[in-house]
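Architecture at a glance
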Amino acid sequence: RVIVFWSKNPKPMLKHLDYLKEQNLNYYFQYTLNDYDKTIEKNVPPLQSRIETFIELSEKIGKEKVVWRFDPLLLTKEIGTEELLRKIENIGNQLKNHTQKFVFSFADISAYRKVQTNMDKAQIPYIEFDTPSMETLAAGIQQLNKAWNFDVGTCSEKIDLEKFGITHNKCVDDDLMIKLFAKDKILMDFLGYKPPTLQTSLFSQNIDNEPDKPNLKDKGQRELCGCIMSKDIGQYNTCPHLCEYCYANTSKETAMQNFKLHSQNMVSETILIE
């Protein structure tokens, strides 16, 4: 079993890392670290505080277990491709020794009616991405990555950016699990991974035994999602960050009420209003 933590602010988790270690649990973090102002990401901590948390988390558990996400990339009349690249560069320069992977996605506002309504209501002048703007950003990221040497991938994107050294990412990632937790035999058996023998290492280029790995793609996810099967224990209408592009909160008021009630009963098995 592997736990994948998604968070914009994992600072409250830092005090529980010793417990995770004592329980010998396999886990890694998907850390979404964007740089937008309060009109877009209302309640996230200040950027520099989040960068410091990222570095602290990386130093405690290892940089290979903390994935940096700038998710989503968002164009507006005030934030063009050059400004987005400047924001990415600023964060990337500070994280270059504290992660091995960078993942991003392009905001697709019109695909989510509720998100589009929220953005319009907040009077955020968003601009939908097209192929040229996506490729401009990809080329810029490729150039920036010469100083970082991150593995770079997109999340659930159709566009092929391989020519920019950018792959299609898997967030619940069996390849990363094999890299991090190869000593967990039960997990490796489930993933269909067989460590190479000396003979295959010497005489075969297929040391990862890729053809023998089962197809574990999660059928409940979007077609372009590369994640393997998993159980999501998150709940809608519970996040107090109140980002305007969020599709997980259908009601900000309900989300804040849920969060307030949960803070009054932290041992409750659910965050939702009963």
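Residue indices follow the written sequence of each chain, beginning from 1 at its first position. Selection of residues for local features in this predicted model requires a pLDDT of at least 70, selection of side-chain atom pairs for listing and counting requires 80 or more, and totals for whole chains, interfaces and linings are taken over all residues. To obtain the side-chain values, all non-hydrogen atoms of the structure were used and water was disregarded.

Our next topic: a nonpolar patch on the surface. Taken together, Tyr-112, Tyr-236 and Tyr-247 make up a surface patch of nonpolar side chains, about 350 Å² in accessible area. Looking at where Tyr-236 falls in the secondary structure, it is placed in the loop between helix 8 (198-203) and helix 9 (252-264). Judged by its relative accessible area of 52%, Tyr-236 is exposed. Residues with no salt bridge and a relative accessible area higher than 30% make up the patches, which join like charges within 9 Å and nonpolar side chains (Val, Leu, Ile, Met, Phe, Trp, Tyr) within 5 Å. Each accessible area is a Shrake-Rupley result for a 1.4 Å probe, and residues are judged covered by the shown protein chains and nothing else. Only one rule defines a salt bridge in this text: a Lys or Arg side-chain nitrogen within 4 Å of an Asp or Glu carboxyl oxygen. To qualify as a helix, a DSSP run of H or I must reach at least 4 residues; to qualify as a strand, a run of E must reach at least 2; elements of each kind are numbered from the N terminus. Three exposure classes are used, based on accessible area relative to the maximum for each residue type with a 1.4 Å probe and protein chains only: buried under 20%, partly exposed in between, and exposed over 50%.

Moving on to the pairing of strand 5 (residues 101-106). The element strand 5 is largely enclosed, with a buried count of six among its six residues. The alternating pattern of strand 5 places Lys-101, Val-103 and Ser-105 and Phe-102, Phe-104 and Phe-106 on opposite faces, both of which are buried. Summarising the sheet, strand 3 (residues 66-73) and strand 5 pair through four bridges and their orientation is parallel. Bridging across to strand 5, Leu-73 finds its partner in Phe-106. Direction of pairing for strand 5 relative to strand 7 (residues 151-154): parallel, over a ladder of four bridges. Note that in strand 7 the partner of Phe-104 across the bridge is Thr-154. Any two strands with at least two DSSP-identified bridges between them are counted as paired.

This next bit is on helix 5 (residues 131-144). The span one expects for a helix is its residue count, reduced by one, times 1.5 Å. Over its 14 residues, helix 5 runs 20 Å from end to end, which matches the ideal 20 Å to within 8%, given 1.5 Å per residue. Residues are treated as being in contact if the distance between any of their heavy atoms lies within 4.5 Å. Packing partners of the buried residues in helix 5 comprise strand 3, strand 4 (75-76), helix 3 (81-95), strand 5, strand 7 and strand 8 (166-168).

With respect to topology, six strands assemble into an open sheet ordered 1-2-3-5-7-8, the strand pairing being parallel. For this open sheet the edge positions go to strand 1 (2-7) and strand 8, each flanked by a neighbour on one side alone. Between one strand and the next, the sheet's axes are offset by a mean angle of 30°, whatever the strand orientation. The angle between two axes is taken between their N-to-C directions and runs from 0 to 180 degrees, where each axis is a line fitted to C-alpha atoms and a helix contributes only its stretch in contact. Packing of helix 3 onto the sheet brings it into contact with strand 3 and strand 5, and relative to strand 3 it is tilted by some 170°. Against the sheet, helix 5 touches strand 3, strand 5, strand 7 and strand 8, its axis set at about 165° to strand 5.

Centres within 6.5 Å make a pair out of two Phe, Tyr or Trp rings, where for Trp the six-membered ring is used; the pair is then stacked when the planes are under 30 degrees apart, edge-to-face when over 60, and tilted otherwise. If you walk through the whole model with that rule in mind, you get 14 aromatic pairs. An angle of 70° between the planes, with centres 6.2 Å apart, marks the rings of Trp-68 and Trp-148 as edge-to-face. Remark: Trp-148 occurs in the loop between helix 5 and strand 7 and Trp-68 occurs in strand 3; sequence separation between them is 80 residues. Using a relative accessible area of 6% as the deciding quantity, one classes Trp-148 as buried. For the ring pair Trp-68 and Phe-150, a centre distance of 6.3 Å and an interplane angle of 80° mean the geometry is edge-to-face. Of this pair, Trp-68 sits in strand 3 while Phe-150 sits in the loop between helix 5 and strand 7, placing them 82 residues apart in sequence. Accessibility expressed as a relative area gives 0% for Trp-68, which makes it buried. Accessibility expressed as a relative area gives 4% for Phe-150, which makes it buried. Feature note: the residues Trp-68, Phe-102, Phe-104, Phe-106, Phe-129, Trp-148 and Phe-150 constitute an aromatic cluster, connected by ring pairs.

Nothing here speaks to function; it is all geometry.
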